[in-house]
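# Structural characterization, general
Spelled out from the first residue to the last, the chains are:
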Amino acid sequence: MRSLLLLLTSLSVSLAAMEPLVFISAFASGDKAGIHAFRFDSQSGVLQPLHRTTDIQNPFFLAVSPDQRFLYAINAEKFGGAEDELVAAYALEGRSGQLKRLNQQSARGTASCYVDVDATGKTVMVANYASGSVASLPVKPDGSLGEAVSFMQHSGSGADPQRQKGPNAHSIVVSPDNRFALSADLGIDKILVYQLDAATAKLTPNEAQPFAKMQPGSGPRHITFHPNGSHVYVINELANTVTCFDYADASGSLTERQTISTLPTGFSGKSYTADLKITPDGKFLYGTNRGHDSIASYRIGDDGSLTLLSIDPSLGKGPQNLLITPDGQWLLCANMPGNNVVVFRIDATNGKIVANGSPIEMPMPSCMRWVK
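Description of the structure in this document. Just so it is clear, the model here is predicted, and its values are computed rather than measured. (Residues numbered from 1 in each chain as written. Predicted model: local features only at pLDDT ≥ 70, side-chain atom pairs only at ≥ 80, totals over all residues. Heavy atoms only, no water.)

### Some details on the overall build of the protein
Along the protein, the regular secondary structure elements total one helix and 30 strands. In terms of overall dimensions, the protein is globule-like: its C-alpha atoms have a radius of gyration of 20 Å, near the 21 Å expected for 372 residues. Dimensions of the protein along its principal axes, counting C-alpha atoms only, are 70 × 45 × 40 Å. Looking at the protein as a whole, 56% of its 372 residues qualify as buried. If you take every contact in the protein between residues at least 6 apart in sequence, the share linking residues at least 24 apart comes to 48%. Counting every atom, the protein has about 15000 Å² of accessible surface; 52% of that belongs to carbon and sulfur. The average position of the 30 basic charges and that of the 33 acidic charges among the side chains of the protein differ by 3 Å. (Helix = DSSP H or I, 4+ residues; strand = E, 2+ residues; numbered from the N terminus. Rg over C-alpha atoms; globule rule 2.2 N^0.38 Å. Buried < 20%, exposed > 50% of the residue type's maximum accessible area, 1.4 Å probe, protein only. Contact = heavy atoms within 4.5 Å. Areas by Shrake-Rupley, 256 points an atom, 1.4 Å probe, with all protein chains shown as cover. Lys, Arg positive; Asp, Glu negative; His and termini not counted. Charge placed at Lys NZ, Arg CZ, Asp CG, Glu CD.)

Okay, structure coming up:
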């Protein structure tokens, strides 16, 4: 009997270790700062706390390498201060949720707010909001970062005299074929397109189309590609809209197809969008409203256009970031000022989301990343 119990215990531990991890950054300083690791039960949708990495401050955004061995995070002693922020590199220690610091390098800008890794795992890119720039850093064989090899300073202004006095790079996202990187700049209403040389980690302005101009006052924030690679979606913070572009992967060019609101008709309060994600099957898109504190759900048509399905409460203040699991069954929402994370179940037939259990309390959740 004792041997059987030991075998069952060992089997239970082994199965638990096979379950995926979710890393969630706590955008705070001091004792509340850190990167929280959770184990995710794909059957029940339950997040189980595992570990908190504390040697980091204001880790606003995270990225995980394609081989799932390394994690990169913003490290900001004084977020948006006079000094450049840092990008920290960590190695995942097995599937324990623990992270080992490798090194850190300058982000070449301030209020760094987005990090992405290319498909080869050899390039890390960062967007700097306050200074309005993007940079690329090479990844060494051990996962650590080299100094930035590309730096692109954006320029210009936008229609909103309060929010668009100058450039504010809010994201940089690699294309599915790994040949281009798109950066949404909230301050100048542009999607800037860069060619990526993955072998050297260098960015250069795209010759065919260096940028796509958004509607004045849009304030583009985050970008996501449709799984088929033919469409790009941009969520616009100031206008509270989502814009769909047709994407020509041969040239990296964007052609606007549609812009649709994220808010209910007649809403007159203050609200600003934050993040958007698409289900792996390419059928549904979700975007967050901070102020209205909701998640807008859309059906994606065959031509990439969006049809609003519903606008549901995010069950927390200021929904900042979304994560959809690779099986498309679950949507996680990080309500940053609401200090919680909510797990929603996705109905695969109609895209409807339903809260699963009670919110998970944690300080200032700002970014979530999946490790299989």
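### A look at the pairing of strand 8 (residues 112-117)
In terms of residue burial, strand 8 counts as a mostly covered element, since six of its six residues are buried. With five bridges connecting them, strand 8 and strand 9 (residues 123-128) associate as antiparallel partners. For Asp 116, the partnering residue across the bridge sits in strand 9 and is Met 125. Between the end of strand 8 and the start of strand 9, which pair antiparallel, lie five residues, with Gly 121 showing a positive phi angle near 80°. (Pairing = 2+ DSSP bridges.)

### Points about the side chain of Thr 273
On the secondary structure map, Thr 273 appears in strand 21 (residues 272-278). Looking at Thr 273, the relative accessible area reads 0%, which means it is buried.

### Points about the pairing of strand 25 (residues 319-324)
Looking along a regular strand, one sees the side chains alternate between the two faces of the sheet. For strand 25, a buried count of six out of six residues is recorded, marking the element as mostly surrounded by other parts of the structure. By the bridge criterion, five bridges tie strand 25 to strand 26 (residues 330-335) in an arrangement that is antiparallel. Across the sheet, residue Leu 322 finds its bridge partner in strand 26, namely Cys 333. Hairpin geometry of strand 25 and strand 26 is characterised by an intervening segment of five residues between the two adjacent antiparallel strands and by a positive phi of about 75° at Gly 328.

### Brief notes about the environment of Glu 83
The residue Glu 83 is located in the loop between strand 5 (70-75) and strand 6 (86-92) in this model. For the pair Glu 83 and Asp 293, spaced 210 residues apart in sequence, the C-alpha to C-alpha distance is 33 Å.

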